[in-house]
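Next come the chains, spelled out residue by residue.
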Amino acid sequence: MTKLGALAAFLVSASVFAAEPGEDSFKKGVAHFSRGEWKTAIKHLGVAALKLRTEKLRASAYKHIGLAQVELGKNGAAEQAFVFALTADPLADVDPVSDPPSAVALFRTTRDKLEGTLSVAANRPEARLFVDGNDRGPTPFSGSIKIGRHQIRVATPDGHYERVMDGVIVGVGKTVALTLDLEARVGFLVVTGPVGHEVYVDGAPVGRTPLKRVAVAPGKRTVSVTRAGFESKINEVDIEAGR
C-alpha cells in the first residue's frame, strides 16, 4: 500500500471510531446521575443533548435530565425534558423496575399526550382503517394518532381485500402518509350449468347454480355439484387469490 493509501485508510478508520460530539458530556452526565448527583448530571446532560447527533443518544440524555428533575421535585421541568426525549425518539421509554414509580407515571402520561398525524389512502373506496385493532373509520383517512409504534390494517368490510403493516412509527408532530394497494385474501368461484343444483366446496354448501363470484379461500378445493336424481359432479380446482 502506498503512503497516500495508508493515510487515507487511517483517516477513514479514525472517522469511524471518532467520538460523537457531546458523547463525553453524555458519559459524564450519566456517571453523575448514577451517583445521585442530580444537578451536576443535568448540567452535563444538557450540554450533551445540544451536541449529540444520534437521536437515541439525544433522547437518552433528555430522559435522564427528566428523571433527575423528578428527583429534585421539579415535575414541570421533568415533563419538558420528557417531551424533548420523545421528540428525538418516539420509542424512548423508562424502566419500570429501576426508575422511580412517580417518574415512570409522569413519563407515560407525557407520552400519552403527544401525537402525530396519520394519513392513509387505499385503492379500494370501501376500505376501512384499523389502528392497533381499533376501527378508525373509512379511507381516505387523515387524523391524529398517539406517537409510537403501531399496526396499520386496511381492509374491505367483507374481508376479501386487506393490507397489514406492522411497526409503523409515528413521531411527535410528524405526518406518516401511506398509500396502500390492498391484497386479495380470497379467490372467486364461478359455477355454470342447469339451474338449482347444490354446490359444495370442501363439503360445505355455498349456494345453487348458477353461481357468480362466490368468495373462496385460496388453495386446492374440492367442488361438488349435486341434485337429487342426477349424477353428482366432483372437481378438484385450484383457487388463486384475487382470481
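Glancing now at the overall build of the chain. Across its full length, the chain carries 6 helices and 14 strands. Along the first, second and third principal axes, the C-alpha atoms of the chain reach 95 × 60 × 30 Å. For the chain, the proportion of its 243 residues judged to be buried stands at 37%. Restricting to contacts in the chain with at least 6 residues of sequence separation, those with at least 24 account for 49%. Surface exposure of the chain reaches about 14,200 Å², of which carbon and sulfur atoms provide 54%.

If you trace the 3 strands from one edge of the open sheet to the other, you get E4-E1-E7, paired in mixed fashion. Every other strand in the sheet has two partners, leaving strand E4 (141-146) and strand E7 (175-180) as the edge strands with one partner each. The mean inter-strand angle of the sheet, taken between neighbouring strand axes irrespective of direction, is 25°. Here strand E1 (residues 115-122) pairs with E4 via 6 bridges, running antiparallel. The partner of Ser-119 across the bridge, within E4, is Ser-142.

Consecutive side chains of a regular strand alternate in pointing toward one face of the sheet and then the other. For strand E9 (residues 187-191), a buried count of 4 out of 5 residues is recorded, marking the element as mostly surrounded by other parts of the structure. As judged from the 4 bridges shared by E9 and strand E12 (residues 211-216), these two strands associate in the antiparallel manner. Across the sheet, the residue bridging to Leu-189 is Val-214, located in E12.

Attention now moves to the confidence of the model for the chain. Per-residue confidence for the chain gives a mean pLDDT of 87; residues scoring 70 or more make up 91%. Across residues 10-17 the pLDDT falls below 50, and counting only partners more than four positions away or on other chains, this stretch makes 0 contacts in the model.

Right, let's talk about the sheet that holds strand E8 (residues 183-184) for a bit. Whenever strands of a sheet pair, they do so through backbone hydrogen bonds, lying parallel or antiparallel. Strand order in the open sheet made by the 5 strands is E3-E2-E5-E6-E8, with antiparallel pairing throughout. At either margin of the open sheet sits one strand with a lone partner, and together these are strand E3 (134-138) and E8. Where strand E6 (residues 161-170) meets E8, 2 bridges bridge the pair, whose relative direction is antiparallel. Residue pairing for E8: Tyr-161 is matched across the bridge by Ala-184.

Quick look at unusual backbone geometry now. A cis amide bond links Thr-139 to the next residue, Pro-140, at an omega of 0°. Locating Pro-140 in the fold gives a position in the loop between E3 and E4. Of note in the backbone geometry, Asp-132 takes a positive phi value of approximately 55° without being a glycine. Residue Asp-132 is classed as partly exposed on the basis of its relative accessible area of 41%.

A complete count under the given rule lists 3 aromatic pairs for this structure. With 5.2 Å between their ring centres and 75° between their planes, Phe-33 and Trp-38 make a pair best called edge-to-face. Given the relative accessible area of 17%, Phe-33 is considered buried. Between Tyr-62 and Phe-84 the ring centres are 5.1 Å apart and the planes differ by 50°, which places this aromatic pair in the tilted class. Pair noted here: Tyr-62 is in helix H4 (residues 55-71) and Phe-84 is in helix H5 (residues 75-88), with a separation of 22 residues, a long-range link.

On to the pattern of salt bridges. Summed over all chains, the structure comprises 9 salt bridges. Lys-27 is paired through a salt bridge with Glu-23; the nearest N and O atoms lie 3.6 Å apart. Placement of the pair is Lys-27 and Glu-23 together in helix H2 (residues 23-34), with a separation of 4 residues, close to one helical turn. Salt-bridge contacts for Arg-128 lead to Asp-135; the nearest nitrogen and oxygen are separated by 3.0 Å. If you follow the salt bridges from partner to partner, you end up with Asp-93, Arg-108 and Arg-111 in one network.

Rules behind the numbers
- Residues numbered from 1 in each chain as written.
- Predicted model: local features only at pLDDT ≥ 70, side-chain atom pairs only at ≥ 80, totals over all residues.
- Heavy atoms only, no water.
- Helix = DSSP H or I, 4+ residues; strand = E, 2+ residues; numbered from the N terminus.
- Buried < 20%, exposed > 50% of the residue type's maximum accessible area, 1.4 Å probe, protein only.
- Contact = heavy atoms within 4.5 Å.
- Areas by Shrake-Rupley, 256 points an atom, 1.4 Å probe, with all protein chains shown as cover.
- Pairing = 2+ DSSP bridges.
- Axes fitted to C-alpha atoms, helices over the stretch in contact; angles between N-to-C directions.
- pLDDT = per-residue confidence, 0-100.
- Phe/Tyr/Trp six-rings, centres within 6.5 Å; stacked < 30°, edge-to-face > 60°.
- Salt bridge = Lys/Arg side-chain N within 4 Å of Asp/Glu carboxyl O.

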